[in-house]
Amino acid sequence: MKKVITYGTYDLFHIGHLNMIKRAKELGDHLTVAVSSDVFNEGKGKTCVIKDTDRLAIVDAIKYVDHAILETSWEQKIEDVKKYDIDVFVIGDDWKGKFDFLKEYCEVVYLSRTEGISTTELKAGLKK
Ligand code: C2G
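Residues numbered from 1 in each chain as written. Predicted model: local features only at pLDDT ≥ 70, side-chain atom pairs only at ≥ 80, totals over all residues. Heavy atoms only, no water.

Of the regular secondary structure elements, the protein chain holds five helices and five strands. Each helix and strand of the protein chain, ordered N terminal to C terminal, gives the series β-α-β-α-α-β-α-β-β-α. Taken along its principal axes, the extent of the C-alpha atoms in the protein chain is 45 × 30 × 25 Å. The buried share of the protein chain, reckoned over its 128 residues, is 45%. Considering only contacts in the protein chain between residues 6 or more positions apart, those separated by 24 or more positions represent 64%. Positive and negative charge centroids in the protein chain, built from 20 and 22 side chains respectively, lie 4 Å apart. (Helix = DSSP H or I, 4+ residues; strand = E, 2+ residues; numbered from the N terminus. Buried < 20%, exposed > 50% of the residue type's maximum accessible area, 1.4 Å probe, protein only. Contact = heavy atoms within 4.5 Å. Lys, Arg positive; Asp, Glu negative; His and termini not counted. Charge placed at Lys NZ, Arg CZ, Asp CG, Glu CD.)

Here it is in structure tokens:
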């Protein structure tokens, strides 16, 4: 069984997030999705509109997702790849090159993002 993992914040869940998760699943047979925790985001200076337990519940309910976990640190990725016996790490190409250190442990794939939508734009639109 080919196991895939992807990471994200998934705040104000939108079609770009869904497309990425669907395409991630297509790269294997089993998909784990790690959702960044509120505490981890605070460390990055980011605040989400939707709390982590709700973001996790939304991601967990998606039919392409076999396993949903929280992401609580940058170091977690290597541990997760080993612990869950991951074959493929996938993320959007806004992160291109940033996670190449995982190539020692699994295949690393950067997929193109969905054009024209982002949490930042949604937030800006809501403020208008
Ligand atoms: N995404 C996409 N198209 C968009 C917006 C997002 O394909 N229009 C993808 C991103 O490239 C990422 C996933 O959806 O693969 C989740 O995006 P975010 O919620 O913005 O997550 P991010 O801040 O990139 O979190 O440790 C890494 C982080 O947790 C990554």
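A few words now on the environment of F101. Summarising the element assignment, F101 is placed in the loop between β4 (88-92) and β5 (107-111). Taking the relative accessible area as the measure of exposure, F101 reaches 38% and is therefore partly exposed. For the pair formed by F101 and N19, sequence separation is 82 residues and the distance between their alpha carbons is 25 Å.

Pairing within the open sheet is parallel, and its five strands lie in the order β3-β2-β1-β4-β5. For this open sheet the edge positions go to β3 (67-71) and β5, each flanked by a neighbour on one side alone. Sheet twist, expressed as the average angle between the axes of neighbouring strands with direction ignored, equals 25 degrees. Summarising the sheet, strand β2 (residues 30-36) and β3 pair through five bridges and their orientation is parallel. Counterpart to S36 in the pairing with β3 is E71. Here helix α1 (residues 15-26) sits on the sheet and contacts β1 (3-8), β2, β4 and β5; the angle it forms with β2, its principal contact strand, is near 145 degrees. (Pairing = 2+ DSSP bridges. Axes fitted to C-alpha atoms, helices over the stretch in contact; angles between N-to-C directions.)

Right, let's talk about the site of the ligand for a bit. For the ligand, the set of nearby residues contains 20 residues, the closest of which are Y10, E71, K77, W95 and I117. Between the ligand and D94, the relevant distance is 2.9 Å, taken from an oxygen atom to a side-chain nitrogen or oxygen of the residue. Considered on its own, the ligand offers 630 Å² of accessible surface; in the complex 94% of this is hidden by protein. Of all elements in the fold, only β1, α1 and β4 reach the threshold of two or more residues within the shell around the ligand. Top element by residues in the shell around the ligand is α1. It accounts for three residues. Considered class by class, the residues forming the shell around the ligand number seven nonpolar, seven polar and six charged. (Near = heavy atom within 4 Å. Polar contact = N/O pair within 3.5 Å; in protein donor to acceptor, adjacent residues only side chain to side chain. Areas by Shrake-Rupley, 256 points an atom, 1.4 Å probe, with all protein chains shown as cover. Nonpolar A, V, L, I, M, F, W, Y, C, P; charged D, E, K, R; others polar.)

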